[in-house]
Amino acid sequence: MSHKVIIPIGPYHPLQEEPEFFRLYIEGERVIDIDIVIGYNHRGIEELSEHKHFDQVAYLVERICGICSTSHPFAYVNAIEDLAHIQVPERALYIRTIIAEMERIHSHLLWLGLAGHFIGYNTVWMWAWRYREPILDCFEMITGNRNHYAMMKPGGVRRDILEEHISPLKKTLDELNKATDMFYGAVVDDPVIKARLKGIGILTKEQARNWCVVGPTARASGIDIDVRRDDPYGAYDRVDFNVIVEKEGDIFAKTLVRIKELYESIRIIRQCLDKMPKGEIETKIKEIPAGEGIGRVEAPRGECFHYVRSDGTNRPIRHKIRAPSYMNVASNKIAAVGGTISDAAITLAAVDPCYCCTERCSVIRKKDNQKLLTGWDLIKLSQEKTEKLKKEMGL
Amino acid sequence: MNLKLKALTKSIWVFHAACSPCNNCDIEVLDLLTPRYDVERFGIILAGSVRHADALLVTGVPNYKTAQRIKKLYEQAPKPCFVIAVGSCACGRNMFRESYNSPCNLDEIIPVDIYISGCPPKPEAMIAGIVKLIKKVGSSKGY
């Protein structure tokens, strides 16, 4: 029983933002400690940004993460506009908000699908990703690309939402609302999902505060923070929406927060489409003065923060970026410890630096006998637990 | 075409290795498995280990930490093995060419058979790329 086993997981993950490396210390079935090693995804973006001019940086920061590829440019243009005191046209603010919320929908659906896959419900994966496709189609219609939309530019947006885009978008939202009803029902009513997710990977309010988690991870632990409401940017102060907060802090609460946020995002987009005024979509910027500015955005995973300092030339001399996962990943240290190995896959995924561990993961006995456990085995363990539970419940 | 290659082109098992991507090509690769594109009907699935795979699919720009690992992965793969570079980063390092942490192109580390460019390439483009690869292998004698 007291064999201490180390499970290295990673570093390659096909689904993650960063290929991370986790080292799980196991005693029996329990995880007793966890090491997190990151840096496999370091591309030197902050340094690269200091060699590009202000317009180019928007494209660069878009490529930090493919899933929140509007949040980073959004935070960056907020920082530039804060620096240069630029008034952005009203219509551009609404378009930015619509794009950001569409992104939240696609990101949450993506997480929901992956979470389903980890606990052995591949049906959830397929359904969630099926309903993600129409949103990507809308992105393609409005921006010209399925991902990496390149909509943000300092002073406005690059493309307008045309009259003929609005009715297909509204239709997609109607369908999505129905799909969200289905997901909500499936998650809340399903006894197996409840058994797998309730009470697993708990992050209490106190712990969440100590580890400075942000976004849905914090809101599921009862911390009422949301940059959209607390420090409005874009057109968020002109629309009405609720900040979803759950108290439990377990993975079930995190799932609920994300599903309920889908409804709020749909509401926000509908309001924006109705209220959007006509007019210009960008302000021409002549020069960017010396100074410094900050931009904050509520990305799908939490607060995304950009700081830009300029010395009056056409390049930033310092560009600091803090992505939400930076705070959230560390909280795995609390959430995963004390759980079983079969829950580790879903626990590490719950903060949404989606964890899947398809590849290499080996269990190495401390001294002599080596046993190999691939990433699939870990997922299989998790899936088998669901099967076992199903049988016990007589389903 | 020998028997080995003929078998290889039938249903390609893909091992997906991400060397510091932005995650976008990766979700588009996964998108291929979901109902709209569903490449599983052609026998293409993601393999759990590179030792079981017929093709190594690489996304992202290699950095100092991942470059050596991607080389190791290729060495572990049973040969013949296709290498598919997906996305502009894997094809030619995209905008990270000047980065201090990007030592070389992917094709300087391992031999690449097919380049699918785009940021990210559409799932249709990826399917078209695989089809071209199979045609190319089918028409060549030696490979």
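Caption draft 1: Local environment of the pattern of salt bridges. Residues and elements named next belong to chain A. Evaluation of the coordinates by the stated rule reveals 33 salt bridges over all chains. A salt bridge links R267 to D240; its shortest N-O distance comes to 2.8 Å. Placement of R267 in helix α11 (residues 251-275) and of D240 in the loop between α10 (227-230) and α11 is noted, with a sequence separation of 27 residues between them. Note on R267: relative accessible area 29%, which makes it partly exposed. Overall, D240 belongs to the partly exposed group, its relative accessible area being 46%.

Caption draft 2: Up close: the side chain of A:H108. All names here are of chain A. Here H108 is to be found in helix α4 (residues 90-118). Reaching out from H108, the side chain makes a polar contact with the side chain of E261 at a distance of 2.9 Å. In contact with H108, other than residues within four places in its own chain, are P216, R258, E261, L262 and P300.

Caption draft 3: Region of the structure containing the packing of aromatic side chains. Enumeration over the complete set of coordinates arrives at eight aromatic pairs over all chains. Residues A:W127 and A:Y131 carry aromatic rings whose centres are separated by 6.0 Å and whose planes lie at 20° to one another, so their mutual orientation is stacked. In this pair, A:W127 and A:Y131 both sit in helix α5 (residues 122-143), four residues apart, roughly one turn of the helix. Under the relative-accessibility criterion, A:Y131 is labelled buried at 18%. Ring geometry for A:Y131 versus A:F183: centroids 6.2 Å apart, planes at 90°, classification edge-to-face. One end of the pair, A:Y131, is in helix α5; the other, A:F183, is in helix α6 (residues 163-189), and 52 residues separate them in sequence. Neither A:Y131 nor A:F183 differs from the other in exposure class; each is buried. Site record: aromatic cluster; members linked through ring pairs are A:F74, A:Y233, A:Y236 and A:F241. Between A:R130 and the ring centre of A:Y131, over which it is positioned, the NZ or CZ distance is 5.0 Å. The side chain of B:K79 reaches across the aromatic face of B:Y74, ending 4.6 Å from its centre.

Caption draft 4: Broad picture of the environment of A:V188. Residues and elements named next belong to chain A. Summarising the element assignment, V188 is placed in helix α6. For the pair V188 and T255, spaced 67 residues apart in sequence, the C-alpha to C-alpha distance is 9.8 Å. Not counting residues within four places of it along the chain, the set of residues in contact with V188 comprises K194, F252 and L256.

Caption draft 5: The sheet that holds strand β6 (residues 291-299) of chain A, seen in detail. Residue and element names in this part refer to chain A. What the three strands build is an open sheet, ordered β6-β7-β8; its pairing is antiparallel. One side of each edge strand has no neighbouring strand; the edge strands of this open sheet are β6 and β8 (316-322). With strand direction ignored, the average angle separating the axes of adjacent strands in the sheet is 15°. Of the strand pairs in this sheet, β6 and strand β7 (residues 302-310) are connected by nine bridges, and their pairing is antiparallel. In the sheet register, G291 faces β7, and the bridge partner there is S310. Each of β7 and β8 is contacted by helix α2 (residues 54-62), which is oriented at about 25° to β8, the strand it contacts most.

Caption draft 6: Inspection of the pairing of β7(A) at higher detail. Residues and elements named next belong to chain A. Counting buried residues in β7 gives seven out of nine residues, a clear majority hidden from the surface. Between β6 and β7, which follow one another and run antiparallel, lie two residues. Judged from the six bridges that link them, β7 and β8 form a sheet pairing that is antiparallel. Within β8, the residue paired with F305 across the bridge is R322.

Caption draft 7: Representation of unusual backbone geometry in the model. Residues and elements named next belong to chain B. The omega torsion across K79 and P80 is 0°, close enough to zero to call that bond cis. By the secondary structure assignment, P80 is in the loop between α3 (64-76) and β4 (82-86). Of note, the amide linkage connecting C119 to P120 takes the cis form, showing an omega dihedral of -10°. One can find P120 in the loop between β5 (114-116) and α5 (123-139). At N23, a position not held by glycine, the phi torsion is positive, near 80°.

Caption draft 8: Structural view of the packing of α6(A) against α11(A). Residue and element names in this part refer to chain A. Between α6 and α11, the shortest axis-to-axis distance is 10 Å and the interhelical angle comes to 160°. If you check the angle between α6 and α11, you find them roughly antiparallel. For the crossing formed where α6 meets α11, the hand is left-handed.

Caption draft 9: Focus on the interface of chain B and chain A. Contact with chain B, which involves 41 residues of that partner, is made by 47 residues of chain A. For the chain B face of the interface with chain A, the top three residues by lost area are B:N23, B:I27 and B:M95, together amounting to 15%. Summed over the shared surface of chain B and chain A, the number is seven salt bridges. For A:E133, the salt bridge is made with B:R36, and the minimal N-O distance between the two is 3.4 Å. If you look at where chain B meets chain A, you find 12 residue pairs in polar contact (both at pLDDT 80 or more). In terms of residue count, the dominant contributor to the side of chain B that touches chain A is helix α2 (residues 24-31) of chain B (six residues). Partitioning the side of chain B that touches chain A into residue classes produces 22 nonpolar, 11 polar and eight charged.

Caption draft 10: Structural context of the sheet that holds strand β2 (residues 45-46) of chain B. Residue and element names in this part refer to chain B. Spatially, β2-β1-β3-β4-β5 is the arrangement adopted by the five strands of the open sheet, whose pairing is parallel. Each edge of the sheet is formed by a strand with only one pairing partner; in this case those strands are β2 and β5. The sheet contacts of α5 involve β4 and β5, and relative to β5 the element is tilted by about 165°.

Caption draft 11: Region of interest: the pairing of β4(B). Residue and element names in this part refer to chain B. Taken across its five residues, β4 has five buried, putting it largely inside the fold. Side chains of β4 alternate between two faces, with F82, I84 and V86 and V83 and A85 buried alike. Taken together, strand β3 (residues 55-59), α3 and β4 constitute a β-α-β crossover, and its handedness is right-handed.

Cut-offs used in this document
- Residues numbered from 1 in each chain as written.
- Chains lettered and ligands numbered in written order.
- Predicted model: local features only at pLDDT ≥ 70, side-chain atom pairs only at ≥ 80, totals over all residues.
- Heavy atoms only, no water.
- Salt bridge = Lys/Arg side-chain N within 4 Å of Asp/Glu carboxyl O.
- Helix = DSSP H or I, 4+ residues; strand = E, 2+ residues; numbered from the N terminus.
- Buried < 20%, exposed > 50% of the residue type's maximum accessible area, 1.4 Å probe, protein only.
- Polar contact = N/O pair within 3.5 Å; in protein donor to acceptor, adjacent residues only side chain to side chain.
- Contact = heavy atoms within 4.5 Å.
- Phe/Tyr/Trp six-rings, centres within 6.5 Å; stacked < 30°, edge-to-face > 60°.
- Lys NZ or Arg CZ within 6 Å of the ring centre and 35° of its normal.
- Pairing = 2+ DSSP bridges.
- Axes fitted to C-alpha atoms, helices over the stretch in contact; angles between N-to-C directions.
- Parallel < 35°, antiparallel > 145°, perpendicular 65-115°, else oblique.
- Left-handed = near helix turned anticlockwise from the far one by under 90°.
- Buried area = accessible area lost by both parts, 1.4 Å probe.
- Nonpolar A, V, L, I, M, F, W, Y, C, P; charged D, E, K, R; others polar.
- Right-handed = clockwise from strand over helix to strand, strands pointing away.

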